[in-house]
Amino acid sequence: MWWPKTHTVSQDQVRDIVFEPFEGGRIFERDANGVEHLWGEIVVWDPPHRVDYLWHIFFEPKDATDISVTFTPSETGVHVKLVQSGFDRLPVDIGSGRRDRVEGVWGEITGLYREALV
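A brief look at the structure comes next. Computed from a predicted structure; not experimentally measured.

**Considerations on the environment of Val80**
At step 1: Take Val80: it is sitting in strand 6 (residues 77-85).
At step 2: Distance from Val80 to Thr70, taken between C-alpha atoms, is 5.7 Å for residues ten residues apart in sequence.
At step 3: Non-local contacts of Val80, meaning those with residues more than four positions away in its chain, are made with Val69, Thr70 and Phe71.

**As for the pattern of salt bridges**
At step 1: According to the stated counting rule, one finds eight salt bridges in the structure shown.
At step 2: For the salt bridge of Arg89 with Asp66, the shortest nitrogen-to-oxygen distance reads 2.7 Å. Highlighted residues: Arg89 in the loop between strand 6 and helix 1 (92-117) and Asp66 in strand 5 (residues 65-74), separated in sequence by 23 residues.
At step 3: Ionic contacts of the salt-bridge type, sharing partners, join the residues Arg15, Asp16, Glu20, Arg26, Arg30 and Glu36 into one network.

How each quantity is defined
Residues numbered from 1 in each chain as written. Predicted model: local features only at pLDDT ≥ 70, side-chain atom pairs only at ≥ 80, totals over all residues. Heavy atoms only, no water. Helix = DSSP H or I, 4+ residues; strand = E, 2+ residues; numbered from the N terminus. Contact = heavy atoms within 4.5 Å. Salt bridge = Lys/Arg side-chain N within 4 Å of Asp/Glu carboxyl O.

Written out as structure tokens, the structure reads:
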């Protein structure tokens, strides 16, 4: 519910965002017509500590980058850290441009997640 529709393939027509909770699970959106748009694949599923996945929303799976999200207990709750890497596997012009583009976007998206928890 907190994920911005502007960061989906089907935008206002998005019905569900699905995160299959197991290694090999898919991350995808389902639009109002039931069409699924693949975003990525879970490669490490270690709740409640960590999840890693290949991420290629808006791109072909061969151009996926890596996302690692770790959850570490802290005095005030849980520290969540998201790291995106693997840009170096892409052609230089694509990798550096995508890295620049997503840098600010994750701050926006994680802020929405924080707000949803309150």
